[in-house]
Amino acid sequence: MTGSEAKYDILGIGNAITDILATVEPAFLLEQNLTPGSMTLIDAARADSLTENLKVEQVMGGGSAANTCVVAAQFGARVAYLGKVAHDTAGQKFAHDLRDNGITFPSTPLDGHISENLPTARCVVMVTPDGQRTMATYLGACTHFTPEDVLPEMIAASRIVYLEGYLFDPPHAQEAFRRAATLAHQNGRQVALSLSDPFCVGRHREAFLDLVKGHVDILFANEDEICALYETENFETAARHTLQDTTFAALTRSGLGSVVIHDGQMTPVAPVPTQVVDTTGAGDAYAAGFLAGLTSGRTLPECGRLASVAASEIISHVGARPLANLWQEMGF
């Protein structure tokens, strides 16, 4: 790593969201006109309607980058997070949840007047019997994350700045991402990006390509996301494009494991077998394990192994946060 000594290993930047989890049958998704396995943006009224029509099983802290931060902290990484919440009960719970996990969260919530009309974001996560998750997200306060919320002192203090692709949807997010990447590189830090969702990639494909080619040091994507970025249905084709556009990427393929691309080489990483209960947060956990390994000086095969273990634990139960203490279980 370049740059001066850092206070934090990882700084996550993303949508600060409360997850509402429920198990549903595929017919429910059809009735609600939701694409299985996707993330759909909804308004507050639709979020209320969906919640009323579900048997809610869990309500917990969520958001892709926040999930990554929690898992990385369990692996022993020093972690901070930036994201916008409202000055409401859900926002306070979100902040407490992060801090209880040892994560620094210095972001300022929306003031009271704006919070009345833009509550903390929530994501309705619907899990079908095959373990696949479909998400409907009300962004709420997240839409007020602006370049001013990218705190220069936090960027300068963090070895890797991890950007969540979902944050590309709010109005000022792309500008905020570029500010974060610019500040990171000015301070000799690295920038990592998760593409997050194939439909999100489709909405902002050119902007994502520009970010990947010009601002990102480490790219995370699953098979559907990387294929969406390069407009192909063939993973090998997408991987070759990735090889041309980046020097460092980790591409996940569910049961087929993952592929790490580094300095022109492609290295396969085996999956860790488990019973799939809920795929929510699998990619978040994978990125967490990988970055925690990388910032602690481990080899790329070791990073891939940590990533696979983390993803395996997450998909073995409902919810995107670990039930086991990964750091202790792995003996690190």
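Details of the structure are given in the entry above.
Worth saying up front: this structure is predicted, and the values here are computed from it rather than measured.

## Quick notes on the overall build of the protein
Here is step 1: When you go through the protein residue by residue, the secondary structure sums to 14 helices and 13 strands.
Here is step 2: Computed over C-alpha atoms, the radius of gyration of the protein comes to 18 Å, within 12% of the 20 Å expected from 2.2 N^0.38 for 332 residues, which places it in the range of a compact globule.
Here is step 3: Its C-alpha atoms give the protein principal-axis dimensions of roughly 50 × 40 × 40 Å.
Here is step 4: Within the span of the protein, comprising 332 residues, buried residues form 58% of the whole.
Here is step 5: Counting only carbon and sulfur atoms, one obtains 50% of the accessible surface of the protein, whose full area is about 13500 Å².
Here is step 6: The averaged location of the 38 negative side-chain charges in the protein is 5 Å from the averaged location of its 21 positive side-chain charges.

## With respect to the nonpolar core
One broad rule of soluble globular proteins: the nonpolar side chains tend to lie buried together.
Here is step 1: In this structure, Ile13, Ile155, Leu193, Leu195, Ile226 and Leu229 are the most contacted members of the largest nonpolar core, which totals 46 residues.
Here is step 2: At seven residues, helix H7 (residues 173–186) tops the list of elements feeding residues into this core.
Here is step 3: One finds Val71, Ala250, Tyr286 and Ala310 within the second-largest nonpolar core, a separate group that totals 42 residues.

## Notes on the state of the cysteines
Here is step 1: Here the structure, examined in full by the defined rule, presents zero disulfides.
Here is step 2: Lacking any disulfide linkage, Cys123 is separated from the closest cysteine sulfur, that of Cys142, by 10 Å.
Here is step 3: The class of Cys123 is buried, set by a relative accessible area of 3%.
Here is step 4: Unpaired in terms of disulfides, Cys227 finds its nearest cysteine sulfur in Cys200, a separation of 16 Å.
Here is step 5: The exposure class of Cys227 is buried, given its relative accessible area of 9%.

Calculation criteria
Residues numbered from 1 in each chain as written. Predicted model: local features only at pLDDT ≥ 70, side-chain atom pairs only at ≥ 80, totals over all residues. Heavy atoms only, no water. Helix = DSSP H or I, 4+ residues; strand = E, 2+ residues; numbered from the N terminus. Rg over C-alpha atoms; globule rule 2.2 N^0.38 Å. Buried < 20%, exposed > 50% of the residue type's maximum accessible area, 1.4 Å probe, protein only. Areas by Shrake-Rupley, 256 points an atom, 1.4 Å probe, with all protein chains shown as cover. Lys, Arg positive; Asp, Glu negative; His and termini not counted. Charge placed at Lys NZ, Arg CZ, Asp CG, Glu CD. Core = buried A, V, L, I, M, F, W, Y, C linked by side-chain atoms within 4.5 Å. Disulfide = S-S within 2.5 Å.

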